[in-house]
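Observations on chain architecture
These are the residues of each chain, in order.
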Protein chains: 2
Amino acid sequence: MRLVAIDASTWWGGVALVELVDGDPKLVAEIGVHIEGSHAARLLPVLESLLAIASWPRSSLDAYAAVRGPGSFTGVRVALGLVSGLSLSTGRPCVGVGTLDAMAEAFGPAAGDRVPLLDAGRGDVYGARFDPSGTPPKELRPAWVGDPVLALERGDAAVLFGEGARVHEKRLRDAGYSGPIARAATSVAAAAGRIAGAKLVAGNVGVDELAPLYVRPADAKVRTR
Amino acid sequence: MRLVAIDASTWWGGVALVELVDGDPKLVAEIGVHIEGSHAARLLPVLESLLAIASWPRSSLDAYAAVRGPGSFTGVRVALGLVSGLSLSTGRPCVGVGTLDAMAEAFGPAAGDRVPLLDAGRGDVYGARFDPSGTPPKELRPAWVGDPVLALERGDAAVLFGEGARVHEKRLRDAGYSGPIARAATSVAAAAGRIAGAKLVAGNVGVDELAPLYVRPADAKVRTR
């Protein structure tokens, strides 16, 4: 089974080609590109180039995946639109993957729970919590948005990573966090492809796959300001 | 300054476009591709595709870099040949970057010395040792080839990573190693581009830049068999 995964949820856009061999995902080719202007104008030629490099005809794709957020409002919608169109025109399945899930998968095994943090602007981050080494990652706490220190509410061992952790490192340290702030993978398209492959193999494809992922404020403490 | 870095030292080939802005490297676009057959036939179209995606005319490139080994005999020579040809035809500089250096740079900051290990076949690995967080990494022990346990000769804290560590994990554990065996980045082309940029900025370009890197057996213990 051949699938393509498209990520435009952050400034680093990516397209990955993944082949499932006996259910195991194998990354065949990947492009990452710094997206300065319009996402829409960039994604399709990037996909076409990658298919050409891999010698995969577009018609050989068996499934499509897109990263559904949180992240860039426009980028998420463009990627979801593109794979929806491909899916509609071919009748082949389409899967959505959360940005934070893909970040945890791309990070790989960690020494504690994986806590990816995305910069949400205005001092906030998007966060979630996953098990240390599951692949696909098992969600322990659903995606939330709010003050970076809300990532610390559970005291047990965790590894924080992602641009949200890097940007707010001082705030996290001032709040008493002494654990690791690790470097995140630049690209999450390949990881999204692996998660999508696992969902397809398990038949675990939901009805809201292609809805952008809206994230609610953390239950723990909704900020007032 | 715009530069391209090409890596064909392992089965995962890569091409990266890096722009130096005030001496700081910025990754603009990157392609990675699983190389099944001939390296030679794949690299040039991959480079051309990436330049098209980034809207960089080939004539806008100011410098070229290739990963010079250790690694795939053919892949290293094809990449070095390609950048040599580009450099000769344009008169612009060309830089070689060691595979293990690029692996350490791609790994990023670590909790101890960085020890990348590449599978060298027949039970051996290529290894080297770098400082924990220098960028570019500072070499503490030059590249060697031999038994994986030779990576353990210095007892102080180190982080082992790369396919050589993964493949020989049991051997390393049996030899008493209890430290981390971390996941390496899939692609090192962008890291090679960053190192090449730093070398060019520092004017630190040697006369043997484009010689494939031959690696001698470790001084510590040359194997007999």
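Going by the structure above, here's the rest.
For the structure given in this document, a descriptive report is provided here. (Residues numbered from 1 in each chain as written. Chains lettered and ligands numbered in written order. Predicted model: local features only at pLDDT ≥ 70, side-chain atom pairs only at ≥ 80, totals over all residues. Heavy atoms only, no water.)

**Some points on unusual backbone geometry**
Residues and elements named next belong to chain A.
- Residue Pro70 is reached from Gly69 by a cis peptide bond, and omega for that bond is 0 degrees.
- With respect to the helices and strands, Pro70 occurs in the loop between β4 (63-67) and α2 (73-90).
- A cis geometry characterises the amide bond from Thr135 onward to Pro136, with omega recorded as 5 degrees.
- Look at Arg122: it is not a glycine, yet its phi comes out positive at around 50 degrees. (Helix = DSSP H or I, 4+ residues; strand = E, 2+ residues; numbered from the N terminus.)

**Description of helix α3 (residues 99-107) of chain B**
Residue and element names in this part refer to chain B.
- When you tally the buried positions in α3, you get eight out of nine residues, the bulk of the element.
- For α3, the complete set of buried residues consists of Thr99, Leu100, Ala102, Met103, Ala104, Glu105, Ala106 and Phe107.
- Remark: Gly108 follows α3 within two positions and exhibits a positive phi of approximately 85 degrees. (Buried < 20%, exposed > 50% of the residue type's maximum accessible area, 1.4 Å probe, protein only.)

**As for the pattern of salt bridges**
- Here the structure, examined in full by the defined rule, presents 18 salt bridges over all chains.
- Asp131 of chain A serves as the salt-bridge partner of Arg114 of chain A, at 3.1 Å between the closest nitrogen and oxygen. Highlighted residues: Arg114 of chain A in strand β6 (residues 113-121) and Asp131 of chain A in the loop between β7 (124-130) and β8 (139-146), separated in sequence by 17 residues.
- Looking at Asp131 of chain A, the relative accessible area reads 16%, which means it is buried.
- The shortest N-O distance in the salt bridge between Arg2 of chain B and Glu19 of chain B comes to 3.7 Å. One end of the pair, Arg2 of chain B, is in strand β1 (residues 2-7); the other, Glu19 of chain B, is in strand β2 (residues 12-21), with 17 residues separating them in the sequence.
- A residue is classified by how much of its surface remains accessible, and Glu19 of chain B, at 22% relative accessible area, is partly exposed. (Salt bridge = Lys/Arg side-chain N within 4 Å of Asp/Glu carboxyl O.)

**Side note on the side chain of Ser87 of chain A**
Residues and elements named next belong to chain A.
- As for its position among the elements, Ser87 is in helix α2.
- In this structure the side chain of Ser87 is engaged in a polar contact, spanning 2.6 Å, whose partner is the backbone oxygen of Arg92.
- Those residues within four positions of Ser87 in sequence are excluded, and the remaining contacts are Tyr64, Arg92, Pro93 and Cys94. (Polar contact = N/O pair within 3.5 Å; in protein donor to acceptor, adjacent residues only side chain to side chain. Contact = heavy atoms within 4.5 Å.)

**As for helix α6 (residues 189-202) of chain A**
Residues and elements named next belong to chain A.
- With 14 residues, α6 extends 20 Å from end C-alpha to end C-alpha; this agrees with the ideal 20 Å at 1.5 Å per step.
- Within α6, 10 of the 14 residues are buried, leaving the element largely enclosed by the surrounding structure.
- Buried within α6 we find Ala189, Ala190, Ala191, Ala192, Gly193, Ile195, Ala196, Gly197, Lys199 and Leu200.
- A positive backbone phi angle near 65 degrees is found at Gly203, which sits one or two residues after α6. (Expected span 1.5 Å × (residues − 1).)

**Some words on the sheet that holds strand β10 (residues 181-182) of chain A**
Residue and element names in this part refer to chain A.
- Overall, mixed pairing links the five strands, which are arranged β8-β7-β6-β9-β10 in an open sheet. Here the strands that pair on one side only, and so sit at the sheet edges, are β8 and β10.
- Contacts from helix α3 (residues 99-107) reach β6, β7, β8, β9 (158-161) and β10, with the element oriented near 130 degrees to β6. (Pairing = 2+ DSSP bridges. Axes fitted to C-alpha atoms, helices over the stretch in contact; angles between N-to-C directions.)

**With respect to the pairing of strand β4 (residues 63-67) of chain B**
All names here are of chain B.
- The element β4 is extensively covered by neighbouring structure, given that five of its five residues are classed as buried.
- Of the two faces of β4, the one holding Ala63, Ala65 and Val67 and the one holding Tyr64 and Ala66 are both buried throughout.
- The pairing of β1 with β4 spans four bridges and is parallel. Note on β4: the bridge partner recorded for Ala5 is Ala65.
- Sheet topology note: the β4/strand β5 (residues 94-97) ladder contains four bridges and is parallel. Bridged to Ala65 within β5 is Val95.
- With helix α2 (residues 73-90) bridging β4 and its parallel neighbour β5, the resulting β-α-β unit is right-handed. (Right-handed = clockwise from strand over helix to strand, strands pointing away.)

**Here we look at the interface of chain A and chain B**
- Every contact between the two is made by 23 residues of chain A and, on the other side, 23 residues of chain B.
- Across the interface of chain A and chain B, roughly 1600 Å² is buried in total on both sides, 54% from carbon and sulfur atoms.
- At the boundary of chain A and chain B, one finds zero salt bridges.
- Inspection of the region where chain A meets chain B yields eight residue pairs in polar contact (both at pLDDT 80 or more). (Buried area = accessible area lost by both parts, 1.4 Å probe.)

**So, the environment of Gly162 of chain A**
Residues and elements named next belong to chain A.
- By the secondary structure assignment, Gly162 is in the loop between β9 and α4 (163-167).
- Sequence separation between Gly162 and Leu118 is 44 residues, and the spatial gap between their C-alpha atoms is 5.9 Å.
- Leaving out residues up to four positions away in the same chain, Gly162 has contacts with Met103, Leu117, Ala182 and Ala184.

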